[in-house]
Amino acid sequence: MKSRRGIALMVVLQMLMLVFVICIGFLVHSNNNLFFVGQEKRGTAAFYVAEGAMQMAMQNLHTRTRSLMVYGNYGQIDAVDTTGKSAVTGTMRSSDGEAIGTYAITYEVTPKPGQPQVPATPWPASAGPEPSDSKDFEEYKQVKIQVTATVGSLQRTLDATVLAGLKRSGLLKYDPFKYAYFMNNWGWFSGFGPDQMQMYGNTGANGNYDLLSGYLGVHGNPERAPRGRKPLRPAVYAARQIRTWGSATFTGYGASTSNQESDATPREMPNLSNLDYYRDLANGKKRDANGDLIPKGSIKINGRTIVDGTFGGTGAQQSLVLDGTTNAIEISGPVLVEGNVVIKGKVQGQGTLVVGRNLYVAGNLDYVNGPTERPTYQTSESPEEYEARIEAWKTENAGADAVGYLVRKNVVFGDVTNKSSWWDRKVGKWINASYDEAKNKWALNAPEGSPQRVNDNHEDAGFDATWTSKDNTEDDGKWTVQVVNVNSGELSTQTFEVQNGQANIPANYKVVPGTGEDIDGDGKYTGAYDYQRDFNLADANGNSIAFTSEFFGEAPGGSFSDFVNRAGRVDGFLYTNAAAVGDQGDGSTFVLRGGVVARQDAMVVSARTSEMFHDERFSDMNRGERFGLHLPPFPGISVVWSDANLPLMNRGYKE
């Protein structure tokens, strides 16, 4: 019996030992699982910290490119280079402020400080293969970005290669040149009766689009998504709201809300503030996307060359008169006039006239060999059938006259010098109106809050309160923009007091053009329009000039009023960095065959009836170069390669 009890005890002890070993194994396994779960959680968190830091790095780089159009150098992009310097470090926090992890960003810029890389010029062999996306740029620098994130004991590293510079405008993601009428700020129409205002093409605004009174016929160009009901190119578009007031009514294809789009993505607006690009382009120093030099542009009348590339480089005679009433104005390729252009008559050719200040339309501008009438969408046909008709029309008219007018300041219709004219009494008072004047003089009896009463927090042309700035107070004596600290390279948003018409900006700051309340994109505080300074005949500094040969090449003699007639028809595409304004006459008809786009604001007013026909050939500009119409390049970046797109399991980390 004793031996049996001993055997039983041994069995119990063995069983207890086995249970103990199993428990230890279970605990070890559980701890390992917890460890690996913790590691995976920390690794995932580290990746998201790295990904967030990569987006910050790219946004920083993209913002720095915006200064290229005005400051004309790559200093702010070069400044991010951390070769031989400490990395840019920081802490990533959650929405409640809790620290998630830290990050370090390094940049390597190629070529090194100096001139940017230009496509079709030798790419430095030391930099590796030339990026395939380089032809999308007029000029660029390559930036390699590496981000390392640390969460606990884990690190994740992400790499990206980015091109930063001036991109060809034909690559604009949302092209405003596909519209018959497009405003960067507030789009509005008022006072037209039935059938008096017809728009054959799409129309839009980056702010609100308001039909204040009367009727607006919109006959748009639909493109439908494969399985969507909404058109890809809506007849009426607004980045904010589309609104009708009182009994105001849209008619035509654009009348249906299914053909309207609001709260949408803002269209990118090219900037004409810096004309250096056009000086080189007009003088045959720029290359196309294939690397071929673009021929120098010219303007001829009756076989005589008026402009050979550029006009008005030095001296008082910066402006030009172009009179095509007897012999046609022949425009070929890109040309630049440094000052004002006064123009009327017949026009022929394919090209771009770039104007350094104002374009004064002194009468009709008619193509000699214009395109045939563009197809209008019929509701009985499918979008695909209509698109086929448009493509056939573009092919048929590929050789017809096509001219773009790119204007750094204003497009002015009618006799701005005649102070007793309707233009002065109506247009001038509105365009000059301050917030209180618009409220008290335009419509005293309008309902409170309506646009007729207080302009509804929109912008009187010239003020810097815009939809992009989130500042709903006009002319409040403050200017909010993004700035670069020229000493540290730091980017920030600052609000500056305005005194005596100037924003008080410290010397160590440079404004990032086109940010915040800098709607015209020149990096300078503009304030309200000064009627005399901005629309009257003046030089680049706002000093008044006479309509004589001292200041105007080809001046005909006589007064400006003697030369100017009302323009009943304008053929060509108008783009202005500021405003398009003018008097077409209360009893007149105004026809625009091409389109009008304004970076700031526009009012083409006082015509009794009006028609706008969008020239569909400008919707397909082949990287901005079709028909010799060259749009200004715009600053931006392209991601050539990034391992942020790899599957999560393939993104390495290390302890």
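Right above here is the structure, for reference.
Residues numbered from 1 in each chain as written. Predicted model: local features only at pLDDT ≥ 70, side-chain atom pairs only at ≥ 80, totals over all residues. Heavy atoms only, no water.

Right, let's talk about the sheet that holds strand E25 (residues 502-503) for a bit. Reading across from one edge, E25-E24-E23-E26 is the order of the 4 strands in this open sheet, with antiparallel pairing throughout. The open sheet has two edge strands, E25 and strand E26 (509-511), and neither has a second partner. Looking at chain direction, strand E23 (residues 478-485) and strand E24 (residues 491-499) are connected through 7 bridges and run antiparallel. Within E24, the position partnered with Val484 by the bridge is Leu491. (Pairing = 2+ DSSP bridges. Helix = DSSP H or I, 4+ residues; strand = E, 2+ residues; numbered from the N terminus.)

Okay, the packing of aromatic side chains next. Both the distance between ring centres and the angle between the ring planes are used here to describe each pair of aromatic rings. On inspection of all chains with the given rule, the structure shows 23 aromatic pairs. Where Phe137 meets Tyr140, the ring centres are 5.8 Å apart and the plane angle is 50°; that geometry is what we call tilted. Its relative accessible area of 0% is what places Tyr140 among the buried residues. By way of ring pairs, the aromatic residues Tyr360, Phe547, Phe552, Phe560 and Phe563 are connected into one cluster. When the ring centre of Tyr237 is taken as origin, the NZ or CZ atom of Arg267, which lies over that ring, is 4.0 Å away. The aromatic ring of Phe613 is capped on one face by Arg593, whose charged end is 4.3 Å from the ring centroid. (Phe/Tyr/Trp six-rings, centres within 6.5 Å; stacked < 30°, edge-to-face > 60°. Buried < 20%, exposed > 50% of the residue type's maximum accessible area, 1.4 Å probe, protein only. Lys NZ or Arg CZ within 6 Å of the ring centre and 35° of its normal.)

This part covers the nonpolar core. One finds Tyr209, Leu322 and Leu353 to be the most contacted residues of the largest nonpolar core, which totals 57 residues. The element best represented in this core is strand E18 (residues 319-337), accounting for 6 residues. Those residues in contact with Leu322 that sit more than four places away from it in its chain are Ile299, Ile301, Ile306, Ile329, Val341, Val342, Ile343, Lys344 and Leu353. Listed in part, the 29 residues of the second largest apolar core include Tyr74, Val147, Leu158 and Val162. (Core = buried A, V, L, I, M, F, W, Y, C linked by side-chain atoms within 4.5 Å. Contact = heavy atoms within 4.5 Å.)

These results come straight from atomic positions and should not be treated as a statement about function.
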